[in-house]
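Fold and contact review
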Amino acid sequence: MPDIPKRDYDGLYKALLEAHPRDALRLLCRAGPDDRAVIVDGPTEQPRLRSRQRDKVFVITQPDGTVDIHHIEIQVKRTDEFQVRMVAYWAGLAAKYEATRHRIHQTVVWPIGGGLPGHIRRDRLQLEYNAVNVPDDLDPDALLNGPLAPLALWSTRCPPDAVD
């Protein structure tokens, strides 16, 4: 795997997400927005928690009027408060978007792998989200055939000629 300082992961992933939202949603979130769907950037700020911002949010308006909110979080290492933060992010989105028309989806991308599974259960609370361990979960051939090709370099199954 390339030796990139941890602080660069957010910037790299955010740049790829912003440049290629449809591909990112398809490959990372397993979402297949209709070609007629409108994808726009959503809010990343958390009300009253200015130091806590979501890494990326896409708002997809489907032709039938349904709105899918996709929150993508890039997480390099496990932390004690990470899953509770995912709940806070979900709650902030739920407060902003009405339940009847909006569906909230969350995906955590673990660039170097070793991530937590996509769920938290605490007391009576339960939250499910997608977890993508880049080295193991993404198909390097699919990545290499699109604009998210740089992510293939972190795959454990990266073809030897990928850098070429």
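Structure first, text after, so check above.
Fair warning: this is a prediction, and the values are worked out from it, not measured in the lab.

1. With respect to the sheet that holds strand E4 (residues 102–110)
In space, the five strands of this open sheet follow the order E1-E2-E3-E4-E7, with mixed pairing throughout. Only two strands of the sheet have a single neighbouring strand rather than two, namely strand E1 (38–41) and strand E7 (130–133). When the angles between neighbouring strand axes are averaged without regard to direction, this sheet yields 20°. Two strands pair when backbone bridges link them, and strand E2 (residues 56–61) and strand E3 (residues 67–74) are joined in this way by six bridges, in the antiparallel orientation. Considered in E3, the bridge of phenylalanine 58 is made with histidine 70. Packing of helix H3 (residues 82–96) onto the sheet brings it into contact with E3 and E4, and relative to E4 it is tilted by some 155°.

2. Points about the pattern of salt bridges
Counted by the stated rule, this structure contains nine salt bridges. Put simply, aspartate 55 and lysine 14 hold a salt bridge, and the shortest N to O gap is 3.8 Å. Of this pair, aspartate 55 sits in the loop between E1 and E2 while lysine 14 sits in helix H1 (residues 7–19); the two residues are 41 residues apart in sequence, bridging distant segments of the chain. Owing to a relative accessible area of 27%, lysine 14 belongs among the partly exposed residues under this scheme. Among the salt bridges present, the one from glutamate 18 reaches lysine 56, with a minimum N-O distance of 3.5 Å. A residue pair is termed long-range when its members are at least 10 positions apart, and glutamate 18 in helix H1 and lysine 56 in strand E2 qualify at 38 residues.

3. Focus on the layout of surface pockets
A water-sized probe rolled over the atoms picks out the places where empty space is left. The volume enclosed by the largest pocket comes to roughly 160 Å³. In terms of lining residues, the largest pocket is bounded by Asp10, Gln53, Asp55, Glu73, Ile74, Gln75, Val76, Lys77, Thr79 and Arg85. Taken together, the residues of the lining of the largest pocket sort by class into two nonpolar, three polar and five charged.

4. What about H3?
Across its 15 residues, H3 extends 21 Å between first and last C-alpha, which sits within 8% of the 21 Å expected from 1.5 Å per residue. Among all positions in H3, only Phe82, Arg85, Met86, Val87, Tyr89, Gly92 and Leu93 are buried. Packed against the buried residues of H3 are E3, E4, strand E5 (119–122) and strand E6 (125–128).

5. A word on the nonpolar core
With 25 residues, the main nonpolar core has Tyr13, Leu28, Ile72, Val109, Leu143, Leu148 and Leu151 as its most contacted residues. Looking at this core, the elements with two or more residues in it are H1, helix H2 (21–28), E2 and E3. Not counting residues within four places of it along the chain, the set of residues in contact with leucine 148 comprises Leu16, His20, Asp23, Ala24, Leu27 and Leu143.

6. Remarks on unusual backbone geometry
Although it is not a glycine, arginine 30 adopts a positive phi angle of roughly 55°. Tracing the backbone shows arginine 30 in the loop between H2 and E1. You will see that aspartate 123, though not glycine, has its phi angle at about 50°, which is positive. Positionally, aspartate 123 belongs in the loop between E5 and E6.

7. Section: the packing of aromatic side chains
One pass over the structure, following the stated rule, counts one aromatic pair. Ring plane angle 65° and centroid distance 5.4 Å describe the contact between phenylalanine 82 and tryptophan 110, whose orientation is recorded as edge-to-face. Taken together, the residues span a long stretch of sequence, with phenylalanine 82 in helix H3 and tryptophan 110 in strand E4 at a distance of 28 residues. With respect to burial, phenylalanine 82 and tryptophan 110 carry one shared label: buried. Lying over the aromatic face of tyrosine 97, lysine 96 brings its terminal NZ or CZ to 6.0 Å of the ring centre.

Cut-offs applied
- Residues numbered from 1 in each chain as written.
- Predicted model: local features only at pLDDT ≥ 70, side-chain atom pairs only at ≥ 80, totals over all residues.
- Heavy atoms only, no water.
- Pairing = 2+ DSSP bridges.
- Helix = DSSP H or I, 4+ residues; strand = E, 2+ residues; numbered from the N terminus.
- Axes fitted to C-alpha atoms, helices over the stretch in contact; angles between N-to-C directions.
- Contact = heavy atoms within 4.5 Å.
- Salt bridge = Lys/Arg side-chain N within 4 Å of Asp/Glu carboxyl O.
- Buried < 20%, exposed > 50% of the residue type's maximum accessible area, 1.4 Å probe, protein only.
- 1 Å grid on protein atoms, 1.4 Å probe; cavity = no way out; pocket = protein on both sides within 12 Å on 5 of 7 lines; lining within 4 Å.
- Points joined across faces, edges and corners; volume = space filled by probe spheres on them.
- Nonpolar A, V, L, I, M, F, W, Y, C, P; charged D, E, K, R; others polar.
- Expected span 1.5 Å × (residues − 1).
- Core = buried A, V, L, I, M, F, W, Y, C linked by side-chain atoms within 4.5 Å.
- Phe/Tyr/Trp six-rings, centres within 6.5 Å; stacked < 30°, edge-to-face > 60°.
- Lys NZ or Arg CZ within 6 Å of the ring centre and 35° of its normal.

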